[in-house]
Amino acid sequence: EVTINYRHGLPVITLTLPTRSERCRFTVKPMVTTVGAFLQDLQREDKGIHSVEVFATDGSKVSDATLMEVLLMNDFKLAINNTAYSVSPPVKDKLSSEHATEMEDTKSLVHRLFVALHLEDHQIRKERELLQKLDCLKEELLPLEQMKARIADSVSAKTSRLLWVGLALLSTQGGALAWLTWWVYSWDIMEPVTYFITYGSAMAFYAYFVLTKQDYIYPDAKDRQFLHYLYQKSKKQHFDVERYNKLKEDLAEAEESLKRVRQPLHLRLPIQEISDKD
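Residues numbered from 1 in each chain as written. Predicted model: local features only at pLDDT ≥ 70, side-chain atom pairs only at ≥ 80, totals over all residues. Heavy atoms only, no water.

Identification of the chain as Calcium uniporter protein from Hemiprocne comata is taken from an unreviewed UniProt entry. Of the chain, the UniProt comment under Sequence similarities (unreviewed entry) reads exactly: "Belongs to the MCU (TC 1.A.77) family." In UniProt, the chain has this text filed under Function (unreviewed entry): "Mitochondrial inner membrane calcium uniporter that mediates calcium uptake into mitochondria. Mitochondrial calcium homeostasis plays key roles in cellular physiology and regulates cell bioenergetics, cytoplasmic calcium signals and activation of cell death pathways." (UniProt positions renumbered as here; feature names shortened; annotations may be inferred.)

Undergrad: Sorry if this is basic, but what is going on with the overall build of the chain here?
TA: Summing up its helical and strand segments, the chain has seven helices and six strands in all. The linear arrangement of helices and strands in the chain, starting from the amino end, is β-β-β-α-β-α-β-β-α-α-α-α-α. In the chain, which comprises 278 residues, the share counted as buried stands at 23%. A separation threshold of at least 6 residues defines the contact pool for the chain, and within that pool the share at least 24 residues apart is 55%. Split by element, the accessible area of the chain, about 20800 Å² in all, is 57% carbon and sulfur. (Helix = DSSP H or I, 4+ residues; strand = E, 2+ residues; numbered from the N terminus. Buried < 20%, exposed > 50% of the residue type's maximum accessible area, 1.4 Å probe, protein only. Contact = heavy atoms within 4.5 Å. Areas by Shrake-Rupley, 256 points an atom, 1.4 Å probe, with all protein chains shown as cover.)

Undergrad: Help me understand the pattern of salt bridges in this model?
TA: Once the charged atoms of two side chains with opposite charge are near each other, the side chains can pair. Under the definition given, this model contains five salt bridges. Notably, a salt bridge pairs Lys-61 with Asp-64, separated by 3.9 Å at the nearest N-O pair. Between Glu-145 and Lys-248 there is a salt bridge; the shortest N-O distance is 3.2 Å. Of this pair, Glu-145 sits in helix 3 (residues 97-184) while Lys-248 sits in helix 6 (residues 241-261); the two residues are 103 residues apart in sequence, bridging distant segments of the chain. Taking relative accessible area as the criterion, Glu-145 reaches 28% and is therefore assigned partly exposed. (Salt bridge = Lys/Arg side-chain N within 4 Å of Asp/Glu carboxyl O.)

Undergrad: I would appreciate a short explanation of a nonpolar patch on the surface in the present structure.
TA: A contiguous nonpolar patch, built from Trp-179, Trp-182, Trp-183, Val-184, Tyr-185 and Ile-189 and spanning about 790 Å² of accessible area, is present on the exposed surface. No other element matches helix 3, which puts four residues into the nonpolar patch. One can find Tyr-185 in the loop between helix 3 and helix 4 (187-212). Relative accessible area serves as the criterion here: at 44%, Tyr-185 is assigned to the partly exposed category. (Patch = residues over 30% accessible without salt bridge, like charges linked within 9 Å, V, L, I, M, F, W, Y side chains within 5 Å.)

Undergrad: Got a minute to help me understand the side chain of Asp-46 in this structure?
TA: By secondary structure assignment, the location of Asp-46 is in the loop between helix 1 (35-45) and strand 4 (52-56). With a relative accessible area of 2%, Asp-46 lands in the buried category. In this structure the side chain of Asp-46 is engaged in a polar contact, spanning 3.0 Å, whose partner is the backbone nitrogen of Thr-19. Non-local contacts of Asp-46, meaning those with residues more than four positions away in its chain, are made with Leu-17, Pro-18, Thr-19 and Arg-20. (Polar contact = N/O pair within 3.5 Å; in protein donor to acceptor, adjacent residues only side chain to side chain.)

Undergrad: I tried to follow the sheet that holds strand 2 (residues 10-16) on my own but got confused; where do I start?
TA: Across a sheet, paired strands are connected by hydrogen bonds in the backbone, their directions being either parallel or antiparallel. Overall, antiparallel pairing links the three strands, which are arranged 1-2-3 in an open sheet. Looking at strand neighbours, the two that pair on one side only are strand 1 (3-7) and strand 3 (23-27), the edges of this open sheet. Here the average twist between neighbouring strands, direction ignored, is 25°. Across five bridges, the pairing between strand 2 and strand 3 is antiparallel. Residue pairing across strands places Thr-14 opposite Arg-25, the latter belonging to strand 3. Against the sheet, helix 1 contacts strand 2 and strand 3, and its axis sits at roughly 145° relative to strand 3. (Pairing = 2+ DSSP bridges. Axes fitted to C-alpha atoms, helices over the stretch in contact; angles between N-to-C directions.)

Undergrad: Teacher, can you tell me more about the environment of Thr-14 here?
TA: Structurally, the position occupied by Thr-14 is in strand 2. Linking Thr-14 and Ile-4, residues 10 residues apart in sequence, is a C-alpha distance of 6.3 Å. Other than its neighbours up to four places away in sequence, Thr-14 contacts Glu-1, Val-2, Thr-3, Arg-23, Cys-24 and Arg-25.

Undergrad: Explanation requested: the packing of aromatic side chains in the structure shown.
TA: In this description, a pair of aromatic rings is defined by centroid distance and the angle of the planes. Evaluation of the coordinates by the stated rule reveals three aromatic pairs. Both rings, one in Tyr-195 and one in Tyr-199, keep their centres 6.4 Å apart while their planes meet at 20°; by these two values the pair is stacked. Taken together, the residues Tyr-195 and Tyr-199, both in helix 4 and four residues apart, mark about one turn of the helix. Pairwise contacts between aromatic rings join Tyr-195, Phe-196 and Tyr-199 into one cluster. (Phe/Tyr/Trp six-rings, centres within 6.5 Å; stacked < 30°, edge-to-face > 60°.)

Below you can see the structure in the form of structure tokens.
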């Protein structure tokens with residue numbers, strides 16, 4: 001049997017431990033203690049408890065993050081080593097509106113004090129965790145960065161060669177048209193030829209827009225070709241582009257989180273003055 005009594009305003013939960021076969025009392029602080037912390041206290045007190053859970057009357061499991069104050073508002077079931085105990089907390093006397101307001105103010109004050117006393121320690125632990133995560137990500141990214149740099153250098157050179165080949169072809173075409181116009185044929189014969197060459201170029205640019213949904217702008221076309229060669233060469237050299245991008249995103253997210261944690265206002269440090277450099 002599990003009983004609950006209030007002493008000095010705090011609930012005292014009395015139950016029989018399965019291994020020790022004796023009654024034990026647990027005093028909880030309902031505004032601070034969570035269900036998970038209470039269950040851990042039970043397991044620490046009796047090492048023979050290998051499973052302990054709390055369920056609502058409808059059979060749903062109560063989260064470990066739920067405050068004991070919320071749990072004690074209604075009946076619940078406490079399952080210890082597959083043995084369920086029905087618990088009915090005593091009904092507390094209703095407080096007057098004035099007393100209730102004072103209690104809410106006290107709860108708010110306790111919460112603010114708790115945050116003020118533990119926020120800095122939490123931020124220091126969080127900063128340490130983020131620094132460790134950054135070191136692991138950078139260590140994992142280092143070989144990938146080196147491989148990507150080698151691939152990027154090779155692809156950049158290949159893209160530049162393609163641009164020079166395009167310039168050479170255009171120069172050859174211009175020279176051939178000039179030679180055919182002034183030395184072989186006349187402008188009357190070459191004019192339709194140049195018209196169809198221009199019309200064919202317009203069709204090619206329109207086909208590029210249809211396929212890529214982008215205008216044919218030289219810098220964008222160069223970047224697109226660079227990425228095409230990059231993915232092509234990465235596949236040949238077994239470079240995992242998706243994993244690399246995921247690590248880069250995780251690194252950027254960790255750096256942003258570390259920046260927020262280190263903000264002077266959050267750490268309650270004096271804000272350094274920014275002086276203009278001459």
